[in-house]
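Okay, here's what each chain looks like letter by letter:
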Amino acid sequence: MSELEILKYPNRQLTKPCPPVINIDGRLQGQIDQMFKTLYVSQGLGLAAPQVGCLQSFFIYDLGLQEKKTSHAHERIVVLNPEIVEMEGEEIADEGCLSIPGYFEKINRAYRVLMKGLDREGKEIRIEAEGLTARLFQHEIDHLKGVLMLSHLSRLKRDMFLRKFKKQKKQAALK
Ligand SMILES: [Zn+2]
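Notes on the structure follow. (Residues numbered from 1 in each chain as written. Predicted model: local features only at pLDDT ≥ 70, side-chain atom pairs only at ≥ 80, totals over all residues.)

1. Regarding the overall build of the chain
Counting secondary structure elements, the chain contains three helices and seven strands. The C-alpha atoms of the chain give a radius of gyration of 16 Å, which matches the 16 Å a tight globule of 175 residues would have. Here the C-alpha coordinates of the chain stretch approximately 50 × 40 × 35 Å along the principal axes. Of the contacts formed within the chain by residues at least 6 apart in sequence, a portion of 59% connects residues at least 24 apart. (Helix = DSSP H or I, 4+ residues; strand = E, 2+ residues; numbered from the N terminus. Rg over C-alpha atoms; globule rule 2.2 N^0.38 Å. Contact = placed C-beta atoms within 7 Å.)

2. A few points about the sheet that holds strand β6 (residues 112-118)
What the five strands build is an open sheet, ordered β1-β2-β3-β6-β7; its pairing is antiparallel. Strands at the two margins of the open sheet, each flanked by one partner only, are β1 (46-48) and β7 (124-130). Within the sheet, the average angular offset between the axes of one strand and its neighbour, ignoring direction, is 40 degrees. Note: β6 against β7, seven bridges, orientation antiparallel. Each residue of the ladder has a partner; that of Lys 116, found in β7, is Arg 126. Seen against the sheet, helix α1 (residues 26-42) touches β1, β2 (58-61) and β3 (77-88) and runs at an angle of roughly 45 degrees to β2. In the packing of helix α2 (residues 131-144) onto the sheet, the strands contacted are β1, β2, β3, β6 and β7, and the crossing angle to β7 comes to about 125 degrees. (Pairing = 2+ DSSP bridges. Axes fitted to C-alpha atoms, helices over the stretch in contact; angles between N-to-C directions.)

Now the structure itself:
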């Protein structure tokens, strides 16, 4: 089983909203397994289906990859058709994205959320989370709506990002 290619900004696939998962079948399970492999290779915490070109509303995560910082054990979690049903508080913290490699910026997110969805077998799940995990849920669910973390930046910071991005692209083209 090989890993999948992670689409990078400004790939337009990343700005398309994803329809809900309808068929929970072998093909979906294979896609999920490949996504976990991709997540481990890239050392991210979470990965949304559209980031690997699969336009379906689900994401995966494993906070075990943050072992040194938290007490989470390795746990492969899949959430199909996720939806945030409650949120409260605010927290500004650094955020990054596998589709925007090397870029980290402070983003304001709700501090605590309650998310509902389905697990990989189609069973209903509800997960309450705060801090980093709540941030991850909001980030991944944004991906499923075709929204990148750049949308949460102030205009000034977004302009700075775009300038830096264009410059890097130009330099890469010269090589
Ligand atoms: Zn991301």
